[in-house]
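Overview (structure and organization)
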Amino acid sequence: VRYAKILRTEPYVREKLPSRLAAIVGGITDPILRLAGTETWHRRKHDIELASPAQFDQRFDRLFEIQASLHRVIGVRDARYLDWRYTQNPMCRTDALLASTDGELSGYLLFAVIDSVGYVKDVFPPTAVAPDLIVAIILEGRRRGLKALSFTALETNPLIPTFEEFGFRLRPDSSQMFGYAPETSPFREVIQRKENWFLTVGDRDV
């Protein structure tokens, strides 16, 4: 499913009103949206930095090793994989917001900007660090003048309620995924329960 948050109303109002009038409407409504947004009152618990473009090093290996020890099945997110998936992607540039505690990487959010829309590719891990990262992408999107943010994930992803908390709303776009494990697999029971899948759009093979 896809969730989105509008950051600037003027580009959308312009589709129905003359440009000058749309700019006036946007100038009135956008400050109200910012003031009313939950992100305005959020108290950050982690240090956040922007990496543009994203670069993946041993910090990502250590974070993945910690998370891998907590789950029976987990998609690979070590530095080598992330570099292949994002840094070497010829289709678009990926930026990263990095959350850290006492200098140690606690989590990250990966995103790409296409046509003034920020597409959140992944948030890892889906834990208490996520709110700080989601607020960070909202503030970064506003700083860049983006018109909206978009997040696509499996309907059971535990991050969805947090995105909703910060003003992301369900959009009609959707797609399907299929998971398979043979009857002899020791992971079959885990894999065939959709609530165990925390997929984001970054997990899809493109």
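Up top you'll find the structure we're talking about.
What comes next concerns the included structure.

The rules behind the values
Residues numbered from 1 in each chain as written. Predicted model: local features only at pLDDT ≥ 70, side-chain atom pairs only at ≥ 80, totals over all residues. Heavy atoms only, no water. Pairing = 2+ DSSP bridges. Helix = DSSP H or I, 4+ residues; strand = E, 2+ residues; numbered from the N terminus. Axes fitted to C-alpha atoms, helices over the stretch in contact; angles between N-to-C directions. Contact = heavy atoms within 4.5 Å. Buried < 20%, exposed > 50% of the residue type's maximum accessible area, 1.4 Å probe, protein only. Polar contact = N/O pair within 3.5 Å; in protein donor to acceptor, adjacent residues only side chain to side chain.

**Overview of the sheet that holds strand β2 (residues 47-51)**
Reading across from one edge, β2-β3-β4-β5-β6-β1-β7 is the order of the 7 strands in this open sheet, with mixed pairing throughout. Each edge of the sheet is formed by a strand with only one pairing partner; in this case those strands are β2 and β7 (169-171). For this sheet, the mean inter-axis angle between neighbouring strands, taken without regard to orientation, is 30 degrees. Pairing of strand β3 (residues 95-101) with strand β4 (residues 104-114), which is carried by 7 bridges, proceeds in the antiparallel orientation. Bridge assignment links D95 to a residue of β4, and that residue is F111. Contacting β2, β3, β4 and β5 (117-124), helix α3 (residues 58-68) runs over the sheet at an angle of about 110 degrees to β4.

**Here's the deal with unusual backbone geometry**
In the segment running from S52 into P53, the intervening peptide bond is cis, with an omega of 5 degrees. Among the structural elements, P53 can be located in the loop between β2 and α3. Omega for the bond connecting F124 with P125 falls within 30 degrees of zero, at -10 degrees, which places this linkage in the cis form. Relative to the elements of secondary structure, P125 occurs in the loop between β5 and α5 (130-144). One non-glycine residue with positive phi stands out, namely D115, at about 55 degrees. Summarising the element assignment, D115 is placed in the loop between β4 and β5. A positive phi angle is found at S116, which is not glycine, with a value near 65 degrees. You can see S116 is positioned in the loop between β4 and β5. Residue classification places S116 among the partly exposed positions, given a relative accessible area of 35%.

**Structural notes on the environment of R193**
Its place among the elements puts R193 in the segment after α7 (188-191). Measuring from C-alpha to C-alpha, the distance between R193 and G179 comes to 9.2 Å, with 14 residues separating the pair along the chain. Among the polar contacts made by the side chain of R193, one reaches the side chain of E195 at a distance of 3.0 Å.

Function cannot be inferred from these measures alone, as they are strictly geometric.
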